[in-house]
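# Descriptive analysis of the structure
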Amino acid sequence: LANERTFLAWIRTSLALMGVGIGLLKYTGTSNASGYVIIALGLFALGNATARYFHVMQLLATGRYEPNSRSIVVFLLIVLAAMTTLIVLKLCGRL
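Presented here is a report on the structure given in the accompanying data block.

Rules behind the numbers
Residues numbered from 1 in each chain as written. Predicted model: local features only at pLDDT ≥ 70, side-chain atom pairs only at ≥ 80, totals over all residues. Heavy atoms only, no water. Patch = residues over 30% accessible without salt bridge, like charges linked within 9 Å, V, L, I, M, F, W, Y side chains within 5 Å. Areas by Shrake-Rupley, 256 points an atom, 1.4 Å probe, with all protein chains shown as cover. Salt bridge = Lys/Arg side-chain N within 4 Å of Asp/Glu carboxyl O. Helix = DSSP H or I, 4+ residues; strand = E, 2+ residues; numbered from the N terminus. Buried < 20%, exposed > 50% of the residue type's maximum accessible area, 1.4 Å probe, protein only. Axes fitted to C-alpha atoms, helices over the stretch in contact; angles between N-to-C directions. Parallel < 35°, antiparallel > 145°, perpendicular 65-115°, else oblique. Left-handed = near helix turned anticlockwise from the far one by under 90°. Nonpolar A, V, L, I, M, F, W, Y, C, P; charged D, E, K, R; others polar. Contact = heavy atoms within 4.5 Å.

Let's shift gears to a nonpolar patch on the surface. Where nonpolar side chains cluster on the molecular surface, the patch consists of V73, L76, L77 and L80 and spans about 370 Å² of accessible area. Mapped onto the secondary structure, L80 falls in helix α3 (residues 70-91). Taking the relative accessible area as the measure of exposure, L80 reaches 47% and is therefore partly exposed.

Here it is in structure tokens:
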């Protein structure tokens, strides 16, 4: 059940990211780039969560599961890089 809970948490996170991106596109006067970047991050999170869920299920079925935090660190670094880029672009007046 832990794998399913983790998968659902990642789905919730990806839906929240996509919702924020859609909100930025629809309700703010800012550039569309920030909204599209956040939507893309949400889609990436959804794809990563789905792939990870099925991979872990396969490992659990064969009894070879070992915890792996690499994908979480990669996703965190991507989110931080995207947010930093958006902040820098906003401060430079390009958004």
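With that settled, consider the packing of helix α1 (residues 2-27) against helix α2 (residues 32-62). α2 packs onto α1 with a crossing angle of 165 degrees between their chain directions and a minimal axis gap of 7 Å. The angle between α1 and α2 falls in the class roughly antiparallel. Here α1 and α2 pass one another in a crossing that is left-handed. Looking at the contact of α1 with α2 residue by residue, the class counts come to 20 nonpolar, eight polar and one charged.

Looking now at the side chain of S34. Examined against the element boundaries, S34 turns out to sit in helix α2. Not counting residues within four places of it along the chain, the set of residues in contact with S34 comprises L24 and L86.

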